[in-house]
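# Survey of secondary and tertiary structure
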Amino acid sequence: MYPLVTRHFSDDELVFLNLGYEEDPPMALPLEPFDEPNRLFIGLYHRTATQVDLTGKEVLEVSCGHGGGASYLMRTLGPASYTGLDLNRAGIDFCRKKHQLPGLDFVCGNAENLPFDNQSFDAVINIEASAYYPHFPRFLTEVERVLRPGGHLLYADLRLSHEIDEWEKVLADAPMRLVSERDISEDVARGLEKLVPTLQQLYRRIRPFVATNQLLAICGALQRGETSYRMYCFAKD
């Protein structure tokens with residue numbers, strides 16, 4: 001689906017591929033005017049990434065999509081460097097053209113076989129992607145490998161209710177220490193509900209009815225508790 005999305009959108013139409021996020025009351029997050037249209041997408045990145053201080057850190061984002069989150073975090077949180085990795089080669093080409101900032105780099109690669117040396121990063125960010133990985137435990141092992149001691153995995157994703165027990169088991173067995181966990185289903189549902197009209201307009205050229213129905217179904221499932229969206233922080237000791 002993601003390569004298909006990449007092929008159908010121009011540089012300025014879709015730089016975020018995650019669902020929305022809005023707290024109640026909303027975060028008073030100061031944004032540049034050009035970031036304002038993406039406020040509901042940015043909120044999820046900001047809240048996930050600021051679980052730790054990234055100032056001066058070397059950061060890896062696994063499954064960076066179209067790079068909107070990478071660009072925002074590089075510009076606002078002060079990491080020394082930020083590397084975005086994605087399996088979608090067309091998406092990486094998109095990112096390299098769209099987001100040109102000092103210290104920001106994009107690499108094509110596999111989340112389950114990260115093309116980096118041991119202990120290369122201080123933090124790994126992973127947002128709304130791990131449900132698509134064939135072998136999720138392998139991803140967690142790779143994250144632990146590339147993290148330096150004292151580093152963190154900053155992670156957010158969703159699962160259907162019948163998938164949650166297995167998800168929790170895999171996370172409990174992760175080779176890192178759980179620092180915090182938070183259910184953000186209501187915040188994501190609130191943000192997505194506001195974004196549906198905008199996303200309908202964007203996605204109609206690809207899958208007009210299916211895409212709309214999927215967005216509404218996800219929103220309803222989050223509201224009814226049939227899907228859980230959670231945010232985590234793990235540490236490598």
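Residues numbered from 1 in each chain as written. Predicted model: local features only at pLDDT ≥ 70, side-chain atom pairs only at ≥ 80, totals over all residues. Heavy atoms only, no water.

## Section: helix α4 (residues 89-98)
- When we look at burial in α4, the residues that qualify are Gly91, Ile92, Phe94 and Cys95. The arc that holds every buried residue of α4, seen down its axis, measures 155 degrees, which confines them to one face. More than 90 degrees from the buried face of α4, the exposed residues found are Arg89 and Lys97.
- The N-cap residue of α4 is Asn88: its side-chain oxygen and the backbone nitrogen of Ala90 are 3.2 Å apart. (Buried < 20%, exposed > 50% of the residue type's maximum accessible area, 1.4 Å probe, protein only. Helix = DSSP H or I, 4+ residues; strand = E, 2+ residues; numbered from the N terminus. Arc of directions from axis to C-beta. Polar contact = N/O pair within 3.5 Å; in protein donor to acceptor, adjacent residues only side chain to side chain.)

## A short note on unusual backbone geometry
- Of the consecutive residues Asp24 and Pro25, the connecting peptide bond is found in the cis state with omega at 0 degrees.
- With respect to the helices and strands, Pro25 occurs in the loop between α1 (2-8) and α2 (39-49).
- In this structure, Gln119 takes a positive phi of about 55 degrees despite not being glycine.
- Note that Gln119 resides in the loop between β3 (104-108) and β4 (121-127).

## Some remarks on the pairing of strand β5 (residues 147-160)
- Sheet topology places β4 next to β5; six bridges connect them, and they run parallel. Looking across to β5, one finds that Asn126 is bridged to Tyr155.
- On the question of chirality, the crossover connecting β4 to the parallel β5 by way of helix α5 (residues 136-146) is right-handed.
- One ladder, built from nine bridges, connects β5 with strand β7 (residues 227-235); its direction is antiparallel. Counterpart to Ala156 in the pairing with β7 is Met231. (Pairing = 2+ DSSP bridges. Right-handed = clockwise from strand over helix to strand, strands pointing away.)

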